[in-house]
Amino acid sequence: MNPIIQVLQTNNIAEDQIKEIFAELTTNPLMAMNTIAGLGIPQEQLQPVMMQVMTNPGLIKEAVEELGLDVEAMEKAKQAFKQGQ
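What counts and how
- Residues numbered from 1 in each chain as written.
- Predicted model: local features only at pLDDT ≥ 70, side-chain atom pairs only at ≥ 80, totals over all residues.
- Heavy atoms only, no water.
- Core = buried A, V, L, I, M, F, W, Y, C linked by side-chain atoms within 4.5 Å.
- Buried < 20%, exposed > 50% of the residue type's maximum accessible area, 1.4 Å probe, protein only.
- Helix = DSSP H or I, 4+ residues; strand = E, 2+ residues; numbered from the N terminus.
- Contact = heavy atoms within 4.5 Å.
- Polar contact = N/O pair within 3.5 Å; in protein donor to acceptor, adjacent residues only side chain to side chain.

J.: Before we move on, could you go through the nonpolar core and cite the residues and values that matter?
T.: By size, the foremost hydrophobic cluster in this structure holds 23 residues, and its most contacted members are Ile-4, Leu-8, Phe-22, Leu-25 and Ile-60. Sorting the residues of this core by element identifies α1 (3–10), α2 (15–27), α3 (29–37), α4 (43–55) and α5 (58–66) as the ones contributing at least two each. Residues contacting Ile-60, with those up to four places away along its chain left out, are Ile-4, Phe-22, Leu-25, Thr-26 and Val-53.

J.: Outline unusual backbone geometry, supporting the account with residue identities and numerical values.
T.: The phi dihedral of Asn-12 falls on the positive side, at around 60 degrees, and the residue is not glycine. Inspection of the secondary structure puts Asn-12 in the loop between α1 and α2.

J.: So what's going on with the side chain of Asn-2? Which residues, and what values?
T.: Along the polypeptide, Asn-2 turns up in the segment before α1. Of the polar contacts made by the side chain of Asn-2, one reaches the backbone nitrogen of Ile-4; its length is 2.8 Å. Setting aside anything within four residues of it in sequence, one finds Asn-2 in contact with Leu-59, Glu-62, Ala-63 and Glu-66.

J.: Describe the environment of Lys-61, naming the residues involved and giving the relevant values.
T.: With respect to the element layout, Lys-61 can be found in helix α5. By relative accessible area, Lys-61 is classed as partly exposed at 45%. For the pair Lys-61 and Thr-26, spaced 35 residues apart in the sequence, the C-alpha separation amounts to 8.2 Å.

As structure tokens, this is what we get:
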């Protein structure tokens, strides 16, 4: 299981909310980090996972695929967001 999903599930984050977080991570990572920080997950659990994401960004794509989200649509949204900045 993806370590990001595992931490979220361990902290009783609902599957729908997890999917929303990953949709946000692919389109607006900074806002997603704020959302994750606001979930009340203990820092000692969250920090190692965030370090993994920073060193291996592919974890986000793996999690998106594991959750059954549309990776291609998210990539398009990410590109649209970058162009809008």
